[in-house]
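Read off the chains here:
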Amino acid sequence: MTAGITGATHVVDAAAVMGLLPGRPRLLALGEPTHGEDVLLELRNDLFRQLVEQEGYRTIAIESDCMMGLVVDEHVTSGTGVLDEVMERGFSHGWGAFAGNRELVRWMRAYNDGRPASEQVRFAGFDGPLEITGAASPRQAITALHAYLTAWVDADLLPCTAETLDRLLGADDRWTNPAAMRDPSQSVGQTPAANQLRLLADDLVALLDAQTPHLLAASSPDDWDRARLYGRTATGLLRYHFWMADTSPNRIARLCALRDSMMAANLLALAERGPTLVNAHNSHLQRDKSSMRMGGLPLEWWSAGAIVSAHLGQGYAFLATALGTIRHHGVDAPPPDTVEGLLYALEQQRCLVDARRLAAALADAAPAPRVSPWYGYSPLDPAHLVGNDGIVFVRDAWPS
């Protein structure tokens with residue numbers, strides 16, 4: 001350990017990370033303060049490889065569409081698809097274009113090649129099918145759930161036919177209309193058809209749950225697990241669309257909360273399956289409330305990490321990541337009285353910090369919050385240090 005109050009080590013590897021924790025957590029989350037920086041994706045890939053190989057983690061989940069992620073999982077486990085197409089079809093938010101994500105998928109496929117299914121590492125997206133501009137149609141999720149149940153349970157148990165779902169869904173572009181994000185009157189989420197779909201989705205999920213013993217015996221565990229994902233996604237999307245049509249002042253905060261709630265539900269399901277590594281923005285993985293200002297008003301909601309931590313306790317661990325400089329985006333050296341400034345002064349390109357030890361050392365001299373000149377970078381919040389298990393600090397990010 002480096003001498004001083006920081007409790008920092010320049011080695012950021014699996015052994016150092018596990019040394020911060022009381023045991024192997026079921027979900028080990030690595031946050032990031034911005035998206036797409038090569039240095040952060042390379043660090044993630046190096047660390048996740050070690051944790052898979054040395055600590056037995058068997059799923060890697062990232063902040064991407066959970067439905068699209070099924071394409072990537074098929075590829076890394078069975079070799080289905082060409083890598084270029086997998087990167088295009090398997091990631092949301094345009095993140096299939098990141099070299100670090102491509103290298104992660106390539107490595108996962110190479111690692112799995114020739115291994116039995118029980119030893120393979122799986123891929124998952126854990127975000128909902130959501131973008132800043134709106135939400136996906138629930139068609140894919142609800143029809144896939146209905147098809148699974150149709151294949152394995154008696155027809156008279158189903159609450160509706162596939163034709164009824166198709167009629168109620170209508171054209172997909174009604175659901176994906178980007179104008180609905182800013183104008184609630186443009187949303188179809190509270191129409192009679194949408195309300196009926198919410199009830200049917202709930203009935204389908206209830207049937208899936210009620211038939212669990214039969215379904216696990218009749219179909220494969222993977223197919224049943226995927227059907228549960230379809231159910232979570234269908235109900236989550238329909239709930240999200242419902243509140244997109246809301247006109248109250250709490251509309252945006254509620255939508256943010258619903259997104260993180262969907263993320264948390266997916267993470268908890270992955271934790272049931274086995275030890276899982278998670279990578280997403282710090283704000284989604286932190287144990288504290290997330291917040292932002294919009295239209296001059298403060299908005300707050302519980303993050304996915306806070307929800308998961310409440311469920312799993314020590315089964316959840318969170319490492320926040322911070323950067324010193326991103327000069328190609330105008331983020332220069334941090335002021336010395338900020339958390340990033342203290343770590344920047346260590347002059348180490350990478351370091352791992354015991355966050356709670358750091359918080360205790362700074363208790364009598366609280367650091368100032370750092371202010372980023374670039375909206376795309378979220379600095380560490382000094383008030384959140386005690387909620388982190390560790391901090392991964394990277395001194396400088398360079399352009400691709």
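From a predicted model like this one, the values you see are computed outputs, not experimental measurements. (Residues numbered from 1 in each chain as written. Predicted model: local features only at pLDDT ≥ 70, side-chain atom pairs only at ≥ 80, totals over all residues. Heavy atoms only, no water.)

Trainee: Any chance you could explain the overall build of the protein chain here in plain terms?
Mentor: Each helix and strand counted, the protein chain has 16 helices and 12 strands in total. The globule rule puts the C-alpha radius of gyration for 400 residues at 21 Å, and the 22 Å found for the protein chain is close to it. Counting only C-alpha atoms and orienting by the principal axes, one finds that the protein chain spans roughly 70 × 55 × 40 Å. The burial tally for the protein chain puts 54% of its 400 residues in the buried class. Across the protein chain, contacts joining residues at least 24 apart in sequence account for 78% of those joining residues at least 6 apart. As displayed, the protein chain has an accessible area near 17200 Å², and 53% of this comes from carbon and sulfur atoms. For the protein chain, the centre of its 33 positive side-chain charges and the centre of its 47 negative side-chain charges are spaced 1 Å apart. (Helix = DSSP H or I, 4+ residues; strand = E, 2+ residues; numbered from the N terminus. Rg over C-alpha atoms; globule rule 2.2 N^0.38 Å. Buried < 20%, exposed > 50% of the residue type's maximum accessible area, 1.4 Å probe, protein only. Contact = heavy atoms within 4.5 Å. Areas by Shrake-Rupley, 256 points an atom, 1.4 Å probe, with all protein chains shown as cover. Lys, Arg positive; Asp, Glu negative; His and termini not counted. Charge placed at Lys NZ, Arg CZ, Asp CG, Glu CD.)

Trainee: So what exactly am I meant to see when it comes to the pairing of strand 2 (residues 27-32) here?
Mentor: Consecutive side chains along a regular strand alternate between the two faces of the sheet. Of all the six residues making up strand 2, six are buried; the element is thus mostly covered by neighbouring parts of the structure. Sheet topology note: the strand 2/strand 7 (residues 276-281) ladder contains six bridges and is parallel. Bridge pairing links Ala-29 to Val-278 in strand 7. Inspection of the sheet shows strand 2 paired to strand 10 (residues 316-325) by four bridges, in the parallel sense. When the bridges of strand 10 are listed, Leu-27 appears paired with Tyr-316. (Pairing = 2+ DSSP bridges.)

Trainee: Is there a simple way to think about the packing of helix 12 (residues 251-273) against helix 14 (residues 304-312) in this case?
Mentor: A pair of packed helices is characterised by two quantities: the angle between their axes and the separation of those axes. Put simply, helix 12 and helix 14 touch, their axes get as near as 8 Å, and they point 40° apart. Here helix 14 runs oblique to helix 12, going by the angle between their axes. Our pair here, helix 12 against helix 14, has a crossing hand that is right-handed. Contacts from Asp-260, Ser-261, Met-263, Ala-264, Leu-267, Leu-268 and Ala-271 in helix 12 reach Ala-304, Ile-307, Val-308, His-311 and Leu-312 in helix 14. (Axes fitted to C-alpha atoms, helices over the stretch in contact; angles between N-to-C directions. Parallel < 35°, antiparallel > 145°, perpendicular 65-115°, else oblique. Left-handed = near helix turned anticlockwise from the far one by under 90°.)

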